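# Close look at the chain arrangement
Listed below are the residues making up each chain.
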Amino acid sequence: MNHQIYWHITADMPSAEKLTPIPERVEVAVIGGGYTGLSAARTLAKQGVKVAVLEAETLGWGASSRNGGMVLTGLKLPMQTVIKRYGRDLAKCLFQYSLDSIDTVEQIIKEENIDCGFARTGHLLAANKSKHFDALKEEVEFMEKEFNHKVRLVSRKDQREEIGTDLYHGALVDEVSGGLNPAQFVAGLARAAEKAGALTCARARVHSLGRDETRFVIETERGPVLAQSVLVATSGYTGNVVKKLQKKIIPIGSFIIATEKLPNELAQQLSPKNRMIFDYKHYLNYFRLWNKRMIFGGRAAFFPENENTIARSAEILRREMIEVYPQLKDVKVEYAWGGTLDFAFDMMTHVGEIDGIYYSLGYAGHGVAMGTHLGKTLAEAMIQGNLREHPFASFTFPGAPLGLYDGRPWFLPFAGAWHRILDWIE
Ligand SMILES: Cc1cc2nc3c(=O)[nH]c(=O)nc-3n(C[C@H](O)[C@H](O)[C@H](O)COP(=O)(O)OP(=O)(O)OC[C@H]3O[C@@H](n4cnc5c(N)ncnc54)[C@H](O)[C@@H]3O)c2cc1C
């Protein structure tokens, strides 16, 4: 089995062979070259703003080329919780942003002619227990009543029309979601940002960020840049360049395996409608087909990716995959890899400004569409000077309870165990 990101071999990923020189000064410096940073840079450059993306590794290196490629409606938190916390009006606005985010992805792909297999094949949320299915019944009514958003139930009896397993107790289908090849998408986005006039600088890790009265002084590994504004788009890889942001983000590992190519008939049986599938557990699994391979992910090890966590996760994921699909028992797993998610302490995504530094962070595994859309809308708000009106900037971005966190997630083993316990109790 290769510990390699399968998506990378399917895409023409930006390399670091010919490095764009670090500019002396720009109007906006974007730190991080994933969906958020590249989408923001594309929008800014299209409006004539002089912008540079500073990426520590190569463009798209982070979560944006490692994820499941699920382009999903909604937020990480259930919308019931979002209404309770923020009220109906704001919740409606936030949910609408999630729908708009899919339109943004679709529009960029069309405008920029990005070949990444985007299709609105819908998502399937599978009930692990019968009481989950009862909750899904309520969800169907709730989404229609509160958000005028139509989702539908699939009973256990009819489940085989959607998924080739009897493991689940029924499911919910949302036809608005879609899927794509994440690496092909981020590579296309990088080219689109460049075409719009953005400078995209790989191997430009930012070591520190200072400021004098009028501008930021950014020290990168290849020399300094002066910038009027800075946008942080570093997601789960947020380090200590802006300590206040690092303290608000918990980096959590997520892992994926990809099988060998399956025979047509088997692939068709596993997911007849090519849905983006995930289950109801706290410690959830997410999976889908791509090019007849089963791409099967989960938060198997909780800690960010390294050789050990990838190897351990690959074993766990293979076991879990066979539990769902016993048909895959003798199928070879060819690739395994990991990436890092960014969780805020309230599990919400946050856009805003801290000490004059703009940011969009906290996607909690929902960043393919949201990162792209929030990068774009944050850039628009920077140009128009109306960030306060951005719905994702209108609620507090909390830090750790009692301030018990300095950016090193010492509590992850407990959090992992806690999720397993919740799944077990429920
Ligand atoms: C395994 C996995 C599966 C996922 N599946 C899905 C899914 O199916 N659907 C979905 O919606 N979301 C999914 N996600 C989440 C989604 O991939 C992310 O939310 C999204 O890619 C975040 O994009 P971004 O541009 O904000 O950050 P990233 O793509 O992570 O980019 C951040 C970049 O910042 C750079 N950086 C960090 N520090 C510095 C520095 N000091 N100087 C310069 N550069 C720096 C990093 O090198 C990195 O490239 C998944 C994530 C993972 C890891």
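Below is a short write-up of the structure. (Residues numbered from 1 in each chain as written. Predicted model: local features only at pLDDT ≥ 70, side-chain atom pairs only at ≥ 80, totals over all residues.)

## Some points on the site of the ligand
Every one of the 43 residues lining the ligand counts as a neighbour, but Gly34, Gly62, Gly68, Gly339 and Gly367 are closest to it. Of all the secondary-structure elements, those providing two or more residues to the shell around the ligand are helix 1 (35-46), strand 12 (249-259), strand 16 (333-344) and helix 9 (367-384). Residues of the shell around the ligand, tallied by class, amount to 17 nonpolar, 22 polar and four charged. (Near = placed C-beta within 6 Å. Helix = DSSP H or I, 4+ residues; strand = E, 2+ residues; numbered from the N terminus. Nonpolar A, V, L, I, M, F, W, Y, C, P; charged D, E, K, R; others polar.)

## Here we look at the packing of helix 2 (residues 79-86) against helix 3 (residues 88-111)
The contact between helix 2 and helix 3 brings their axes to 7 Å, and the two run at 135°. Classified by the angle between their axes, helix 2 and helix 3 sit oblique to one another. Where helix 2 crosses over helix 3, the two elements pack in a sense that is right-handed. Here helix 2 contributes Met79, Val82, Ile83 and Tyr86 to the contact with helix 3, which in turn contributes Arg88, Leu90, Ala91, Leu94 and Phe95. Along the lines of polarity and charge, the residues of the contact of helix 2 with helix 3 split into eight nonpolar, no polar and one charged. (Axes fitted to C-alpha atoms, helices over the stretch in contact; angles between N-to-C directions. Parallel < 35°, antiparallel > 145°, perpendicular 65-115°, else oblique. Left-handed = near helix turned anticlockwise from the far one by under 90°. Contact = placed C-beta atoms within 7 Å.)

## Points about the packing of helix 3 against helix 9
Each pair of packed helices can be described by the angle between their axes along with the distance between the axes. Interhelical geometry of helix 3 versus helix 9 gives an angle of 85° and a closest axis separation of 8 Å. The angle between helix 3 and helix 9 places the two elements in the roughly perpendicular class. On helix 9, the residues touching Tyr97, Ser98, Asp100, Ser101, Ile102, Thr104, Val105 and Ile108 of helix 3 are Ala369, Met370, Thr372, His373 and Lys376. Of the residues belonging to the contact of helix 3 with helix 9, the class tally is six nonpolar, five polar and two charged.

## Section: unusual backbone geometry
Phi is positive for Arg203, which is not a glycine, with a value near 45°. Topologically, Arg203 is positioned in the loop between strand 8 (199-201) and strand 9 (206-211). Phi angles above zero are rare outside glycine, and Ala364 is one such case at about 50°. Position of Ala364 relative to the elements: it lies in the loop between strand 18 (357-361) and helix 9.

## What to know about the pairing of strand 16
With 10 of 12 residues buried, strand 16 lies mostly within the body of the structure. Taken together, the 11 bridges between strand 12 and strand 16 define a ladder with antiparallel strand orientation. In the sheet register, Gly253 faces strand 16, and the bridge partner there is Thr340. (Buried ≥ 20, exposed ≤ 12 C-beta atoms within 10 Å, placed from the backbone. Pairing = 2+ DSSP bridges.)

## So, the nonpolar core
Of all hydrophobic cores here, the largest spans 126 residues; its most connected members are Ala29, Val30, Ala41, Val51 and Leu231. Aside from chain neighbours lying at most four places away, what touches Ala29 is Ala52, Leu54, Phe216, Ile218, Val225, Ala227 and Val230. (Core = buried A, V, L, I, M, F, W, Y, C linked by C-beta atoms within 7 Å.)

## Regarding the pairing of strand 10 (residues 216-220)
As paired strands, strand 9 and strand 10 are joined by five bridges and run antiparallel to one another. The residue bridging Val206 from the neighbouring strand is Thr220, located in strand 10. Where strand 9 folds back on strand 10, the antiparallel hairpin that results is connected by four residues. Here five bridges tie strand 10 to strand 11 (residues 223-232), and the two strands are oriented antiparallel to one another. The partner of Val217 across the bridge, within strand 11, is Leu226.

## Focus on helix 4 (residues 130-147)
Taking 1.5 Å per residue, 18 residues should reach 26 Å; helix 4 reaches 25 Å between its end C-alpha atoms and fits that length. Along its buried surface, helix 4 packs onto helix 2, helix 3, strand 4 (123-126), strand 5 (152-154) and strand 6 (171-174). Looking one or two residues beyond helix 4, the residue adopting positive phi is Asn148, at roughly 50°. (Expected span 1.5 Å × (residues − 1).)

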